[in-house]
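Structural description and commentary
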Amino acid sequence: MYDVILKNGLIMDGKGGKGYKADIAVFSSTIALITNSDISRGKKVIDCSGKIVAPGFIDSHTHSDFLLLSDPSASYRVGQGITTDISGNCGIGVFPYKNPVLKDYVKDVLGEWKDWKWNDFSSYKEYLMRKGMGCNEAFLVSHTALRAYVMGSDSLRKAEEREIEAMCSLLSDELDKGAVGFSSGLYYAPCVFASRNEILSLLKVVASKNKVFAVHHRSEGRGCVESLTEVLDLAKESGVRLEVSHLKAIGKENEKNIDVMLDLIERYRRDGVDVKFDVYPYTFGSTSLFSLLPPRVLAYSRLEQRMALSLESERRVIKDEIMNPDGWDSVYPMVGPDAIKALYLSTHPEYNGMTLSEIAGIKELKDPLDALFDILGDETGLAVMTDVTETEESLEKIMSHPLMCFGTDSLYSSPLPHPRSFHSTVQFLKKYVLERKLFTMEEGIRRMTGETAERFGLKDRGIIEEGKAADITVFDPERLGEEDERRNRGFSLVLVNGKIALKDDFVTGETGGEVLTL
C-alpha cells in the first residue's frame, strides 16, 4: 500500500514541458509511481483536481542557517511551497567555527544563536538535525567563516600567503564533507579585504571538486560592470562554476548597465565559463544598515565605530567617502535617503519603518547622513534596512533572461524581515507568471525547481519523476496570494521527503527534511 496518493492533478514536472494529468503514488520518501491507471489503495488519498502538482520549490539563495534551529517546522519555508534551501550565501555562514568573532560578522544577516556547539560542517549538520527539519537544507561554505577561523579578529585585512593556504585546506575539507559549494560576499567585511590571489586560490579548490561558487560581487551600482567582469575573469581562470547572486544594477543612473552585464555573461558563456545568476522578485532589497559605511570604517570594532561616529571631524571625512566612493560600492548616493528605510533597529525601535529622511526630520537634522550616524553610533544590537534598488522594468529584464533561476534572499535576523522572507514564491508566480506573463507556468516552475536542482547538483530533487525524492508542492493558482504579513493562501499540500509538511495552507509540524550533501 502506498503512503500518499495524489489524484487528478495537473503535473508540471520541473522540466518546462507542457503540464499533463496523472496520479502520483508516494511510498516512504520516494515517488514510486506516476500513472493514468486507477490507483486508490493508499494510506492517504488526496484529490488534487483543479490544482497544479509541482516539484517542491528550491530556493537558490537564502539565509536560513539559523531559522530551522528556532523553527524546526520551517513554517516560513514550506508555507510558500519551498522544500529545499541553499543557505550560506553572500559569504555569510556559520561553519567552520572556532573564533567567536564570526558571531558578530553574521548576526545582522543571520540573527543570533547562543549555543554554537559545532566546529565544522559535519558537527553543524548533526546539531541542525537534532530537533528535526521541516524542509531540506543544502549549504555553501562561507568565505567569512574561513577568514574568521584562520585569521580570527584580525581578519579585516589582506591575508598572508600562509593564511590563504590554511583557508584553502579548510575549504577542501568542508567541501569533502558534503557542502554543495563556496560563497563570498565581496561587498561585505571581511570578504571585501580579500586579494585577487586569495579568491583565485579558493576558487581553484572549488573547481577541483566540481562545485559551485556563488558570489555577491563587489559592486552592484556604479562599478557593477567592472565588478562583474572581475568575478567572470576569476571563474574563467579557475574553471569554477559561477553563480552570480541577485544580479542587479542599483540606482536609476546605472540601469543602462543591465544590457552590458547580460551581454558580458553571455559572452563569457560562449568562451566556456559556466555562469548563471539568481534573482529575487522584488525591486527593493534588505541588508545591514552598517553596510552603508565605508570599508575602512567597517574594519573597526563596533566600539571604534561608535567613537568615530561621535567625532564631528571624522563624520565629515566619512560623509565625503560615502558621497565620493573610491573602489567600493556606496549605496547611499545611488538610491538616496528617501529610498533607505530602517526595517528593524534594536536600540531605536521608534524609528522602525522610517526612511533616513524621515528620521532626520524628526531629529531636526539637515543631513540624513547625520541621522544614519546617530543611529549606528547608538546601536548595540541589530540594524537592518530595506532599500529600493531598481525599477520594475530592470527587474523584469533580468528575471526573464534564460540564465536566471529563482531565489528569495530571505533574511530572518530581525522580528521585522523583508516580505521576500515569507511571500517570494507567491510574488513570483502570481505577479510575474500569472499577471505579467514573463513565463508560462511550466517554465516558471522549472526556474524554481529543475533548473536550481541541476545547477547545484541535487540529482534526486527538482523533478517529478519515478524514483525521485517525494518533494512535492500542490497549489491552486486561482487562490494564490498573501493571507497576512507572514502567511500565504493557495497551497493545498507540501510534501518533504514524503512527509506532509503543509496541508490546506497550514503547516503540520512534520519534520521530514534532511541536510543534503554532495
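We now turn to the structure provided with this report.

Calculation criteria
- Residues numbered from 1 in each chain as written.
- Predicted model: local features only at pLDDT ≥ 70, side-chain atom pairs only at ≥ 80, totals over all residues.
- Heavy atoms only, no water.
- Pairing = 2+ DSSP bridges.
- Helix = DSSP H or I, 4+ residues; strand = E, 2+ residues; numbered from the N terminus.
- Axes fitted to C-alpha atoms, helices over the stretch in contact; angles between N-to-C directions.
- Buried < 20%, exposed > 50% of the residue type's maximum accessible area, 1.4 Å probe, protein only.
- Contact = heavy atoms within 4.5 Å.
- Polar contact = N/O pair within 3.5 Å; in protein donor to acceptor, adjacent residues only side chain to side chain.
- Phe/Tyr/Trp six-rings, centres within 6.5 Å; stacked < 30°, edge-to-face > 60°.
- Lys NZ or Arg CZ within 6 Å of the ring centre and 35° of its normal.

Strand order in the open sheet formed by 8 strands is β6-β7-β8-β9-β10-β11-β12-β17, with parallel pairing between adjacent strands. Looking at the sheet topology across the chains shown, the edges are occupied by β6 (57–59) and β17 (404–406). In this sheet, neighbouring strand axes are inclined to one another by 30° on average, regardless of whether the strands run parallel or antiparallel. Inspection of the sheet shows β6 paired to strand β7 (residues 82–87) by 3 bridges, in the parallel sense. Residue pairing for β7: Phe-57 is matched across the bridge by Ile-82.

With that out of the way, let us pick up the sheet that holds strand β13 (residues 284–288). An order of β13-β16-β14-β15 is seen for the 4 strands of this open sheet, with the pairing classed as antiparallel. Each edge of the sheet is formed by a strand with only one pairing partner; in this case those strands are β13 and β15 (354–355). By the bridge criterion, 2 bridges tie strand β14 (residues 340–345) to β15 in an arrangement that is antiparallel. Counterpart to Lys-341 in the pairing with β15 is Thr-355.

This part covers helix α15 (residues 368–378). α15 sits mainly inside the fold: 9 of its 11 residues count as buried. Those residues of α15 not exposed but buried are Pro-368, Leu-369, Asp-370, Ala-371, Leu-372, Phe-373, Ile-375, Leu-376 and Gly-377. At its buried positions, α15 is contacted by α11 (302–309), α12 (312–323), α13 (331–335), β14, α14 (356–362) and β16 (383–388). Capping the start of α15, Asp-367 holds a side-chain oxygen 2.9 Å from the backbone nitrogen of Leu-369, two or three residues further along.

Before going further, it helps to spend a moment on the environment of Gly-178. Looking at the element boundaries, Gly-178 is found in the loop between α6 (161–176) and β9 (181–185). Taking the C-alpha atoms as reference points, Gly-178 and Leu-516, separated by 338 residues in sequence, lie 7.8 Å from one another. Apart from the residues lying within four places of it in its own chain, the contact partners of Gly-178 are Phe-121, Lys-211, Leu-516, Thr-517 and Leu-518.

In total, this model carries 22 aromatic pairs according to the counting rule given. On the numbers, 5.7 Å between centres and 15° between planes, the contact of Phe-182 with Phe-213 is stacked. Here Phe-213 lies in strand β10 (residues 212–216) and Phe-182 lies in strand β9, a separation of 31 residues in the sequence. Exposure remark for Phe-182: the relative accessible area of 1% places this residue in the buried category. Both rings, one in Phe-406 and one in Phe-428, keep their centres 5.2 Å apart while their planes meet at 50°; by these two values the pair is tilted. A residue pair is termed long-range when its members are at least 10 positions apart, and Phe-406 in strand β17 and Phe-428 in helix α17 (residues 420–435) qualify at 22 residues. The pair formed by Phe-406 and Phe-428 is uniform in burial state, with each residue classed as buried. Three or more aromatic residues link up through ring pairs in this structure, and these residues are Phe-66, Phe-95, Tyr-97, Trp-113, Trp-116, Trp-118, Phe-121, Tyr-124, Tyr-127 and Phe-139. A cation over an aromatic ring shows up here: Arg-420 above the ring of Tyr-280, its NZ or CZ 4.6 Å from the ring centre. The ring of Phe-506 has Arg-487 lying over it, and the distance from NZ or CZ to the ring centre is 4.4 Å.

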